[in-house]
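# Understanding the architecture of this molecule
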Amino acid sequence: MTLPNSNSIATSLPLYNFSGGVGLLPPTVISEAQQAILEVPGTRISALVINHRSQLCRDILDETEKNLRTLLTIPDNYHILFLQGGASLQFSMIPMNLWVNKNQPVDYLVSGYWSSKAIKEAEIEKKNVNIIWNGKAQKFVRVPRPDEYQIDPDAAYVHYYSNETVEGLQFENPLETGDIPLVCDMSSDFLAKPIDISKYALIYAHAQKNIGAAGVTVVIIRDDLLECIPDNIPTILDYRPHVEMKSIYNTPPIFAIYVVLLVTRWLLNDIGGLTNMAQQSQHKAALLYKAIDESQGFYRGHAQVDSRSLINVVFNLATPNLERQFIETAERLGIIGLEGHRSLGGIRASLYNSMPVEGALYLQNFMLEFQQQFKGQQQ
Ligand SMILES: Cc1ncc(COP(=O)(O)O)c(C=O)c1O
């Protein structure tokens, strides 16, 4: 790979988008979605105009649900919902629905930017959210060990993030909470590896990183949680009507759900399930962390090694100036979306499910070349 020295974008090169906010989609999914805009195969109806009370809409929702159940081995006592409002609406819906008795505490683990945001919404319900661990003082460089946090035995639920998208931190295993319902935002690593659903009471994940296009959020909720939901919350924010109407309480974002369906088919038929997906994920992350670890300090990983995310690889170079140069040079080679989150700066390479291994390899090569050329500017 030769580094370009002009400002021209090399259109003959591949384009790899490492953006953290919205992930890629597999090329086959994009072309199937394109086809479905004209006609969902065999139906003569565009996916953009499917009536939500039609059998076609029901079939799309049912197959998407079935595929998710197969991919994640979701037991029958869990409901799968396709909701709107993004992951952010779940920050509010969760305390509204699950924090019934306000004399009970709710436990939140703060491991990064996004978990800090979720707490603010819970605090609208009541001020005294119980923070069981907070990585802020250490600048969110790691997730805690199990012996570092204490779950309140009376907590209504425990909320945490399996993967912090901004800082690039990931829990290897779910928190152990015993009988206390465990709630998890999995927006940035959902369907990237097999998980044991029975450890969780509620999982939510917006579509736009790993499983589709923006517009739909998947919520997996255990049946017993529905029994205690208070009656004084607005209907649209109450999980129960969505469960009762199987995600068609009101008009669902059917095209976005259709894209999730295509991604689940791709995961099942082309990738061969989540064990294979996890292997790819490990391989991609290993390529980038190798470039960081062998760079003799030219690249400086943000996360401590045992907390590193396989999905969001976050690192710095010696100066913001060098980082800018890194990003701009990468862009001219067709490597885009590398800017770190605005709250943190630096570089973030996001390796969501649809990023091919070749993309990570291409970036790794670029990192090596860039280091070679600019190592004199390390200090
Ligand atoms: C882990 C995580 N949760 C929640 C959000 C917010 O999601 P949304 O924009 O769908 O509300 C983000 C945004 O990127 C995120 O990374």
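Residues numbered from 1 in each chain as written. Predicted model: local features only at pLDDT ≥ 70, side-chain atom pairs only at ≥ 80, totals over all residues. Heavy atoms only, no water.

Our focus in this paragraph is the sheet that holds strand β2 (residues 78–83). On the basis of which strands lie adjacent, the open sheet formed by 7 strands has the order β2-β10-β9-β8-β5-β3-β4 and mixed pairing. With one partner strand each, in any of the chains shown, β2 and β4 (130–134) form the two edges of the open sheet. Each adjacent strand pair in this sheet contributes to an overall mean axis angle of 15°, direction not counted. Across 4 bridges, the pairing between strand β3 (residues 107–110) and β4 is parallel. Counted as the bridge partner of aspartate 107 is asparagine 130 from β4. The sheet contacts of helix α3 (residues 86–98) involve β2, β3, β5 (158–161), β8 (182–185), β9 (202–206) and β10 (217–222), and relative to β9 the element is tilted by about 160°. (Pairing = 2+ DSSP bridges. Helix = DSSP H or I, 4+ residues; strand = E, 2+ residues; numbered from the N terminus. Axes fitted to C-alpha atoms, helices over the stretch in contact; angles between N-to-C directions. Contact = heavy atoms within 4.5 Å.)

Another aspect to go through is the sheet that holds strand β11 (residues 300–301). Overall, antiparallel pairing links the 3 strands, which are arranged β11-β12-β14 in an open sheet. Both edges of this open sheet fall to β11 and β14 (347–350), since each of them pairs with a single strand only. Pairing analysis gives 2 bridges linking β11 to strand β12 (residues 312–316), with the strands arranged antiparallel. Paired with glycine 301 across the strands is phenylalanine 315, a residue of β12.

This brings us to the nonpolar core. Core analysis: the biggest nonpolar cluster contains 94 residues, and Phe190, Leu202, Ile220 and Tyr239 have the highest contact counts within it. Shared between two domains, this core takes at least three residues from each, and those domains are domain 1 (33–271) and domain 2 (273–377). The contact partners of leucine 202, leaving out residues within four places of it in the chain, are Ile94, Leu98, Leu182, Val183, Cys184, Val219, Ile220, Ile221, Leu225 and Tyr239. Listed in part, the 33 residues of the second largest apolar core include Tyr16, Tyr299, Phe315 and Phe366. (Core = buried A, V, L, I, M, F, W, Y, C linked by side-chain atoms within 4.5 Å. Buried < 20%, exposed > 50% of the residue type's maximum accessible area, 1.4 Å probe, protein only. Domains from an automatic or database assignment.)

Here the domain parsing of the chain yields domain 1 (33–271) and domain 2 (273–377). On the domain 2 side, the residues contacting the 29 residues of domain 1 number 26 residues. Buried area between domain 1 and domain 2, both sides added, is near 2,200 Å², and the carbon and sulfur share of it is 55%. Contact with domain 2 buries surface across domain 1, with Val166, Gln170 and Ile271 losing the most and accounting together for 24% of the total. At the surface where domain 1 touches domain 2, the tally comes to 0 salt bridges. Between the two partners, domain 1 and domain 2, sit 16 residue pairs in polar contact (both at pLDDT 80 or more). With 4 residues, the single largest contributor to the side of domain 1 that touches domain 2 is helix α6 (residues 254–271). (Buried area = accessible area lost by both parts, 1.4 Å probe. Salt bridge = Lys/Arg side-chain N within 4 Å of Asp/Glu carboxyl O. Polar contact = N/O pair within 3.5 Å; in protein donor to acceptor, adjacent residues only side chain to side chain.)

Looking at the element boundaries, arginine 69 is found in helix α2 (residues 55–72). Of note is the side chain of arginine 69, whose polar atom sits 3.1 Å from the backbone oxygen of proline 75. Engagement of the side chain of arginine 69 in a polar contact is seen with the backbone oxygen of tyrosine 78, the distance being 2.7 Å. In contact with arginine 69, not counting residues within four places along its chain, are Ile74, Pro75, Asp76, Tyr78, His79 and Ile80.

Moving on, we come to the packing of aromatic side chains. Tallied over the full model, the rule gives 15 aromatic pairs. Seen from their ring centres, phenylalanine 326 and phenylalanine 366 are 5.0 Å apart, and the 50° between their planes marks the pair as tilted. Linking phenylalanine 326 in helix α8 (residues 320–332) with phenylalanine 366 in helix α9 (residues 357–374), this pair joins segments that are 40 residues apart in sequence. For the pair phenylalanine 326 and phenylalanine 366, one class covers both residues: buried. When the centroid spacing of 4.3 Å and the interplanar angle of 20° are considered together, the rings of phenylalanine 370 and phenylalanine 374 count as stacked. A residue pair is termed a helical-turn pair when its members lie 3 or 4 positions apart in one helix, as phenylalanine 370 and phenylalanine 374 do in helix α9 at 4 residues. Classification of phenylalanine 370 by relative accessible area gives buried; the value is 0%. Each residue in the set Phe298, Tyr299, Phe315, Phe326, Phe366, Phe370 and Phe374 is aromatic and connected to the rest through ring pairs, giving one cluster. (Phe/Tyr/Trp six-rings, centres within 6.5 Å; stacked < 30°, edge-to-face > 60°.)

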